[in-house]
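Residue-level structural notes
Chain by chain, the residues:
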Amino acid sequence: GLNFIDLMVRQGNIDNPPKTPLVPGFECSGIVEALGDSVKGFEIGDRVMAFVNYNAWAEVVCTPVEFVYKIPDDMSFSEAAAFPMNFVTAYMMLFEVANLREGMSVLVHSAGGGVGQAVAQLCSTIPNVTVFGTASSFKHEAIKNSVTHLFDRNADYVQEVKRISADGVDIVLDCLCGENTGKGLSLLKPLGTYILYGSSNMVTGETKSFFSFAKSWWQVEKVNPIKLYEENKVIAGFSLLNLLFKQNRGGLIKGVMDKLLNLYNSKKIKPVVDSLWALEEVKEAMQRIHDRGNIGKLILDVEKAPTPLVS
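Residue numbering note: each chain is counted from 1, following its sequence as written. Under the rules for a predicted model, residues below a pLDDT of 70 receive no local features and side-chain atom pairs below 80 are neither given nor counted, while totals for whole chains, interfaces and linings still include all residues. Note that the side-chain values use all heavy atoms of the structure and ignore hydrogens as well as water.

Under an unreviewed UniProt entry, the name given to the chain is VAT1L protein, and the organism recorded is Tachuris rubrigastra. Entered under Sequence similarities (unreviewed entry) in the UniProt record, the comment concerning the chain runs "Belongs to the zinc-containing alcohol dehydrogenase family. Quinone oxidoreductase subfamily." UniProt positions are given in the numbering used here, feature names are shortened, and annotations may be inferred rather than shown by experiment.

Shown next as structure tokens:
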């Protein structure tokens, strides 16, 4: 799976970037080739998907058994590689952090991306949930049926949301950061939850720029705890990779994955795969995410030959 975090790693826009040379990538699917001595529950030849702490973009991947899950029989390898990061992130934010319930409303940015599509699908499993989404206008036709109200990412979505729901929304999922933080908090109803789960606006120019990075954070309004108290608002952050690899919550994630696979098997959710790319095409694949051209998930396929360039 190719994720926005991979672009941030490439540009060095993360805390403690790993030393080069490194193999990027945090999720994959494939077939079990070998097992550690004490591994139970898996056999050689099993179809699996896994979280990996880097090194996923490879032909052979090694990861602890607690991060590995069996793939349902009717799920393809490309769907499986598109599944873990996006759906676990969306599920944890909606149900573990924000406590989504019947009749609530959610605002999600980048509604056409992998997490955005997962959020929309999970919201549809709960009765009467209204989903407000922002996305680039060229994506609207493709994703208009997945959300209740869709706005252009460059439009004044605060006014648009308030026109439809005067008192705002219950949950804001923000992967943009910067000036959107203040806007998101302003849209929250009392007892609403704002969750920051990424900072894709930091990936601006083609090269790493400390100034674009800093500018993004300068635009974040300082959050005043007294104001949160007076307005009855919740502000939260969510990082799946930290939860898995730094805070040792693999067991919790396994429980979430079981619930998600049940939803998949009952045909309530299905990963949206945008496109498949050969490993040699990673530059072009990253550019597609960078330009926000994708609808759903980009997958690197180690068995795919590069598409010949038409001269």
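Read on for the rest.
Now for the overall build of the chain. Secondary structure elements follow DSSP: runs of H or I of four or more residues count as helices, runs of E of two or more count as strands, with numbering from the N terminus. Along the backbone of the chain there are 12 helices and 11 strands. The globule rule puts the C-alpha radius of gyration for 311 residues at 19 Å, and the 19 Å found for the chain is close to it. Each of the three principal axes of the chain carries a C-alpha extent, and together these read 55 × 45 × 35 Å. Categorising residues by exposure relies on relative accessible area from a 1.4 Å probe, with only protein chains included: less than 20% of the type maximum marks a residue as buried, more than 50% marks it as exposed, and the intermediate range marks it as partly exposed. Looking at the chain as a whole, 49% of its 311 residues qualify as buried. Residues count as neighbours in contact if any of their non-hydrogen atoms are within 4.5 Å of one another. Contacts spanning at least 24 positions in sequence make up 67% of the contacts within the chain whose residues lie at least 6 apart. To measure how exposed things are, a 1.4 Å probe is used in the Shrake-Rupley method; for residues, cover is taken only from the protein chains shown. Accessible surface for the chain amounts to roughly 15600 Å². Of this, 54% is attributable to carbon and sulfur atoms. With 30 positive and 34 negative side-chain charges, the chain shows a separation of 5 Å between the mean positions of the two kinds. Throughout, radius of gyration means the C-alpha value; the globule benchmark is 2.2 Å times the number of residues raised to the power 0.38. Just so you know, the count uses Lys and Arg for positive and Asp and Glu for negative, and it drops His and the chain ends. Note that the charge is assigned to NZ on lysines, CZ on arginines, CG on aspartates and CD on glutamates.

Salt bridges are counted wherever a side-chain nitrogen of Lys or Arg sits within 4 Å of a carboxyl oxygen of Asp or Glu. Applying the stated rule across the entire model yields 10 salt bridges. Among the salt bridges present, the one from Lys 189 reaches Asp 170, with a minimum N-O distance of 3.6 Å. A residue pair is termed long-range when its members are at least 10 positions apart, and Lys 189 in strand E8 (residues 188-196) and Asp 170 in strand E7 (residues 169-174) qualify at 19 residues. A single burial state applies to Lys 189 and to Asp 170, both of which are buried.

A separate point is helix H4 (residues 114-123). Every α-helical turn comprises 3.6 residues, leaving residues that sit three or four positions apart pointing alike. Among the 10 residues that make up H4, 10 are buried, leaving the element largely enclosed by the rest of the structure. Every buried residue of H4 is accounted for by Gly 114, Val 115, Gly 116, Gln 117, Ala 118, Val 119, Ala 120, Gln 121, Leu 122 and Cys 123. Those residues of H4 that are buried lie in contact with helix H3 (84-97), strand E4 (105-108), strand E5 (130-135), helix H5 (140-143), E7 and helix H11 (250-265).

Now for the environment of Ala 111. Within the secondary structure, Ala 111 is located in the loop between E4 and H4. On the basis of relative accessible area, Ala 111 is assigned to the buried category, the value being 0%. Measuring from C-alpha to C-alpha, the distance between Ala 111 and Gly 178 comes to 18 Å, with 67 residues separating the pair along the chain. Here Ala 111 is in contact with Gly 116, Gln 117, Gly 133, Thr 134, Ala 135, Ile 143, Val 147 and Leu 150, once residues within four sequence places are set aside.

Domain annotation for the chain reports domain 1 (4-83 + 246-300) and domain 2 (89-242). The C-alpha-based centres of domain 1 and domain 2 are spaced at 24 Å. The interface is formed by 29 residues belonging to domain 1 together with 30 residues belonging to domain 2. Buried area adds together the accessible area that both of two parts lose upon being put together, with accessible area traced by a 1.4 Å probe. Carbon and sulfur atoms supply 61% of the area buried between domain 1 and domain 2, which totals about 2600 Å² over both sides. The largest contributions to the domain 1 side of the interface with domain 2 come from Gln 11, Arg 292 and Ile 295, which together make up 25% of the buried area. Connecting domain 1 to domain 2 are 0 salt bridges. Every element with two or more residues in the side of domain 1 that touches domain 2 is listed here: helix H1 (4-11), H11 and helix H12 (282-290). When residues are grouped by polarity, Ala, Val, Leu, Ile, Met, Phe, Trp, Tyr, Cys and Pro land in nonpolar, Asp, Glu, Lys and Arg in charged, and all others, Gly among them, in polar. When its residues are assigned to classes, the side of domain 1 that touches domain 2 shows 14 nonpolar, 9 polar and 6 charged. Annotation comment: domain bounds sourced from an automatic or database domain assignment.

So, about the packing of H3 against H4. An axis is simply a line fitted to the C-alpha atoms; with a helix, the fit covers only the stretch in contact. Between two such axes, the angle follows the N-to-C directions and lies from 0 to 180 degrees. It is the contact of H3 with H4, at a shortest axis distance of 8 Å, that shows an interaxial angle of 50°. In this view, H3 runs oblique relative to H4, as classed from their interaxial angle. As H3 runs across H4, the sense of the crossing is right-handed. In contact with Asn 86, Phe 87, Thr 89, Ala 90, Tyr 91, Met 93, Leu 94 and Phe 95 of H3, H4 contributes Gly 114, Val 115, Ala 118, Val 119, Gln 121, Leu 122 and Cys 123. Taken together, the residues that form the contact of H3 with H4 break down as 11 nonpolar, 4 polar and no charged. An angle below 35 degrees is read as roughly parallel, one above 145 as roughly antiparallel, one from 65 to 115 as roughly perpendicular, and any other as oblique. With the far helix as reference, a near helix turned anticlockwise by less than a right angle produces a left-handed crossing, and one turned clockwise produces a right-handed crossing.

Burial of the side chains of strand E11 (residues 297-300) extends over both faces: Lys 297 and Ile 299 are buried on one face and Leu 298 and Leu 300 on the other. Here a strand pair is declared whenever DSSP counts at least two bridges between the two strands. For strand E10 (residues 273-277) and E11, the ladder comprises 4 bridges, and the chain directions are parallel. Of the residues in E11, the one forming a bridge with Leu 276 is Ile 299.

Attention now moves to the confidence of the model for the chain. Per residue, pLDDT measures the predictor's confidence, with a range of 0 to 100. On average, residues of the chain score 90 in pLDDT, and 92% of them are at 70 or above. For residues 204-208, every residue scores under 50 in pLDDT, and the model assigns this stretch 13 contacts once sequence neighbours within four places are set aside.

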